[in-house]
Amino acid sequence: MQTKARKWGNSLGVRVPNAFADSANIHDGTLVEVIYREDEQEIIIRRLNRSKKYTLEELLAKMPRQPEKLHGETDWGKPVGDEVW
């Protein structure tokens, strides 16, 4: 398939056909990575896998249950501004 690069602000934009985008699971707002391979003079666009969103329950389940393995409080010193303690 051929398409034209078009001016988009100070950059160039290329439209990705919907069939290609669907096959690559790319939709409006999907994070992609653009790679330039100088030796081949080619540009590659690839979808980035977003990191999983964890729930509070999932994160807490990974914490150690033994109190001796938990971190204690950290003393950051006396207040120096308008902090309320």
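Right above here is the structure, for reference.
Note that the structure is a prediction, hence the values are computed from the model and not measured. (Residues numbered from 1 in each chain as written. Predicted model: local features only at pLDDT ≥ 70, side-chain atom pairs only at ≥ 80, totals over all residues. Heavy atoms only, no water.)

1. Notes on unusual backbone geometry
Outside of glycine, negative phi angles account for most residues, and trans bonds account for most peptide bonds. Our working rule: The helix count covers DSSP runs of H or I at least four residues long, the strand count covers runs of E at least two residues long, and both are numbered beginning at the N terminus. Note on classification: 1.4 Å probe, protein chains only; a residue is buried when its accessible area is under 20% of the maximum for its type, exposed when over 50%, partly exposed between these limits.
Located in the positive-phi region is Asn25, a residue other than glycine, with phi close to 55°. With respect to the helices and strands, the residue Asn25 is situated in the loop between helix 1 (18-23) and strand 3 (32-37). Overall, Asn25 belongs to the partly exposed group, its relative accessible area being 40%. We note that Gln41 has phi near 50°; this positive angle belongs to a residue other than glycine.

2. Here we look at the environment of Asn10
With respect to the helices and strands, Asn10 occurs in the loop between strand 1 (6-8) and strand 2 (11-13). You can call Asn10 exposed: its relative accessible area is 81%. For Asn10 and Tyr54, which are 44 residues apart along the polypeptide, the C-alpha to C-alpha distance reads 38 Å.

3. Regarding the environment of Ile44
Rules: Contacts between residues were defined by any pair of non-hydrogen atoms, one from each residue, lying within 4.5 Å.
The residue Ile44 is located in strand 4 (residues 42-47) in this model. When the C-alpha atoms of Ile44 and Val34 are compared, they prove to be 5.7 Å apart, with 10 residues separating the residues in sequence. Excluding anything up to four places from it in sequence, Ile44 contacts Glu33, Val34, Ile35 and Arg37.

4. Side note on a nonpolar patch on the surface
How we decide: Grouping into patches uses exposed residues only, defined as over 30% relative accessible area, and leaves out salt-bridged ones; the cut-off is 9 Å for like charges and 5 Å for nonpolar side chains (Val, Leu, Ile, Met, Phe, Trp, Tyr). Accessible surface is estimated by sampling points in the Shrake-Rupley manner with a 1.4 Å probe; for residues, cover comes only from the protein chains shown. Put simply, a salt bridge is a Lys or Arg side-chain nitrogen that is within 4 Å of an Asp or Glu carboxyl oxygen.
A contiguous nonpolar patch, built from Met1, Val16, Phe20, Val32, Val34, Tyr36, Ile43 and Ile45 and spanning about 850 Å² of accessible area, is present on the exposed surface. Of all elements in the fold, only strand 3 and strand 4 reach the threshold of two or more residues within the nonpolar patch. For the nonpolar patch, the element with the highest residue contribution is strand 3, accounting for 3 residues. Its place among the elements puts Val32 in strand 3.

5. Some words on the pattern of salt bridges
Per the counting criterion, the structure on display carries 2 salt bridges. Residues Arg46 and Glu33 are paired through a salt bridge, measuring 3.2 Å at the closest nitrogen-oxygen approach. Here Glu33 lies in strand 3 and Arg46 lies in strand 4, a separation of 13 residues in the sequence. By relative accessible area, which is 41% here, Arg46 ends up partly exposed. A salt bridge links Glu42 to Arg37, with the nearest nitrogen and oxygen atoms 3.4 Å apart.

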